[in-house]
Amino acid sequence: MKRIIVCGNYGAGNIGDEAILAGAMQDIAKVFPDSEVRVMSGLSSPKVGSISFIPTGIRSLLHFILHPSQLLKLHHHIKETDLVIVGGGGLFTDESTLRAVWIWFVHTLVFRLYKKKIVFYAQSFAPLRTGFGKWLTKRACSYATAISVRDHESKETLEKMEVRKKVVVGCDPCFSMQYLKDLRNSNEGCEGKKIPREAREKKYTVVSMRYLDCTNKLYEKALIHFLKYLMDEEGYKVYLTHFGGGKVSDEQYMSKLFAQEMVNNENMQVYKNDSVKSVLSLIAGAQFVIGMRLHSLIFACIAKVPFIGIAYEAKVTQFGKSVNLDEFVLPLQNVSCDTLKEKYHALKKYHTHIVEHLATVQVEMSVKGEENRNLLRAIGGEEEATKLTQ
């Protein structure tokens with residue numbers, strides 16, 4: 001029986017990361033059906049065997065000093081594992097600070113010191129801003145036995161950094177998740193929770209916004225005016241949907257923002273059910289999605305629902321390009337009420353064509369998902385693993 005550790009930003013209350021984990025777990029089950037999997041996760045642990053993260057700072061190190069039994073448990077699990085999968089998502093980023101790059105570099109280094117096979121699985125790598133961030137990322141990649149990324153831009157980023165590894169282009173693990181065969185015909189979420197009745201009776205859009213610590217907040221005003229236009233003139237109901245936490249949770253941020261702007265409209269509602277499958281079910285019935293969070297757009301693709309993306313980071317732009325819908329992804333600085341209206345009316349005009357295109361995207365992603373799984377199959381044997389590192 002193969003013992004596997006899956007490591008990533010799990011258990012932190014981010015729906016996108018939990019969806020990545022769900023997809024990765026299903027990929028692992030297909031490739032290694034008899035494996036024993038443990039997940040390194042945060043406080044809200046997934047419903048699988050979970051272990052602590054490796055200490056990467058003073059606070060976490062002190063915690064293990066005060067609780068040596070937990071450190072011994074972590075040591076045991078790493079020592080006994082056969083394979084480490086550093087799960088997908090944009091882990092190596094220095095957009096705001098070097099903290100994320102440092103955390104995942106330390107984890108990769110420790111796995112290397114234990115002489116474990118390491119797979120970077122469906123990662124995305126945006127161009128790094130700092131020299132130290134680039135150095136840490138390049139070193140971490142050198143420790144990996146094999147690497148897959150979820151878009152071509154990530155591969156190009158690694159090539160520019162002179163990472164001397166074979167890099168496989170796959171897709172986000174979310175596309176591996178198993179859902180209801182036809183979400184559009186379902187009146188229930190995938191966990192048996194009812195989709196709101198008004199969501200089944202009135203056309204609606206799903207909105208995903210996240211807090212940004214920046215001085216230019218013009219995009220907020222633009223979005224508010226656009227949503228008022230949708231509700232007042234186009235007859236839409238708007239569901240504000242929580243996708244993640246961070247400094248300020250999406251729910252707190254959106255609730256406060258619209259309260260401050262005195263948007264008190266019966267057609268606007270915060271969607272409280274924030275499990276991966278229930279959010280996907282809600283999105284499946286929407287006319288379209290407006291998303292800052294990357295996985296709000298990925299969920300829209302899975303459900304074959306058109307979207308307007310707002311690119312606050314490179315990964316959002318990269319995803320739009322990967323599905324050939326980058327014309328519907330607006331850079332943050334280009335967001336205005338007029339540009340949003342322009343994209344909305346283009347979605348209305350070409351709605352059928354976009355839905356048909358998203359169906360082809362699903363087929364393409366299933367092929368790319370097989371690339372991810374083939375990487376795992378190859379890593380399962382010493383001979384193939386050696387070839388991948390040459």
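Residues numbered from 1 in each chain as written. Predicted model: local features only at pLDDT ≥ 70, side-chain atom pairs only at ≥ 80, totals over all residues. Heavy atoms only, no water.

K.L.:
What is the right way to look at empty space enclosed by the protein in this model?
P.N.:
A full pass over the atoms with the stated rule returns 1 cavity of 30 Å³ or more. Approximately 90 Å³ is the volume found for the largest cavity. Looking at the largest cavity, it is lined by 13 residues, and the ones nearest its centre are R150, D151, I298, F319 and S322. When residues of the lining of the largest cavity are traced back to their parent elements, those giving at least two are helix 11 (294–302) and helix 12 (314–322). Here the lining of the largest cavity gets 4 residues from one element, more than from any other, and that element is helix 12. A per-class count over the lining of the largest cavity returns 6 nonpolar, 3 polar and 4 charged. (1 Å grid on protein atoms, 1.4 Å probe; cavity = no way out; pocket = protein on both sides within 12 Å on 5 of 7 lines; lining within 4 Å. Points joined across faces, edges and corners; volume = space filled by probe spheres on them. Helix = DSSP H or I, 4+ residues; strand = E, 2+ residues; numbered from the N terminus. Nonpolar A, V, L, I, M, F, W, Y, C, P; charged D, E, K, R; others polar.)

K.L.:
Teacher, can you tell me more about the pattern of salt bridges here?
P.N.:
Pairing of side chains with opposite charge becomes possible as their charged atoms draw close. Under the counting rule described, the total for this entry stands at 8 salt bridges. Here D27 ties to R373 by a salt bridge, and the two come within 2.8 Å at their closest N and O atoms. Within this pair, whereas D27 is found in helix 1 (residues 15–31), its partner R373 is found in helix 14 (residues 351–379), the two being separated by 346 residues in sequence. Across the pair E313 and K315 runs a salt bridge, and its minimum N-O distance is 3.8 Å. Taken together, the shared-partner salt bridges connect D27, E370, R373 and R377 into one network. (Salt bridge = Lys/Arg side-chain N within 4 Å of Asp/Glu carboxyl O.)

K.L.:
What is the right way to read the pairing of strand 1 (residues 3–10) from this model?
P.N.:
Along a regular strand, successive side chains alternate from one face of the sheet to the other. Of all 8 residues making up strand 1, 6 are buried, and the element is well covered by its neighbours. Where strand 1 meets strand 2 (residues 36–41), 6 bridges bridge the pair, whose relative direction is parallel. Within the sheet, the bridge partner assigned to I5 lies in strand 2 and is R38. One crossover worth recording links strand 1 to the parallel strand 2 by way of helix 1, and it is right-handed. Of the strand pairs in this sheet, strand 1 and strand 4 (residues 83–86) are connected by 4 bridges, and their pairing is parallel. By the bridge assignment, V6 is partnered in strand 4 with I85. (Buried < 20%, exposed > 50% of the residue type's maximum accessible area, 1.4 Å probe, protein only. Pairing = 2+ DSSP bridges. Right-handed = clockwise from strand over helix to strand, strands pointing away.)

K.L.:
I'm lost on the sheet that holds strand 9 (residues 237–241) in this one. Help?
P.N.:
Strand pairing in a sheet relies on backbone hydrogen bonds, with the paired strands running either antiparallel or parallel. Taking strand neighbours across the sheet as the criterion, the 6 strands line up as 10-9-8-11-12-13 in an open arrangement whose pairing is parallel. If you trace the sheet from one side to the other, it starts and ends with strand 10 (268–271) and strand 13 (329–331), each paired once. Strand-to-strand, the axes of this sheet are offset by a mean angle of 20°, without reference to chain direction. Taken together, the 4 bridges between strand 8 (residues 204–208) and strand 9 define a ladder with parallel strand orientation. In the sheet register, V207 faces strand 9, and the bridge partner there is L240. Strands in contact with helix 8 (residues 218–233) are strand 8, strand 9, strand 10, strand 11 (288–291) and strand 12 (307–311); relative to strand 11, the strand with the most contacts, it is inclined by about 165°. Lying over the sheet, helix 13 (residues 337–349) contacts strand 11, strand 12 and strand 13, oriented at roughly 150° with respect to strand 12. (Axes fitted to C-alpha atoms, helices over the stretch in contact; angles between N-to-C directions. Contact = heavy atoms within 4.5 Å.)

K.L.:
Would you explain the pairing of strand 6 (residues 146–149) in this entry?
P.N.:
Alternating positions in strand 6 separate into two faces, A146 and S148 on one and I147 and V149 on the other, with burial throughout. Summarising the sheet, strand 5 (residues 117–123) and strand 6 pair through 3 bridges and their orientation is parallel. Residue pairing in the sheet places F120 in a bridge with I147 of strand 6. This β-α-β element, strand 5 to helix 5 (residues 131–143) to strand 6, shows right-handed connectivity. Taken together, the 3 bridges between strand 6 and strand 7 (residues 167–169) define a ladder with parallel strand orientation. Directly across from V149, in strand 7, lies its bridge partner V169.

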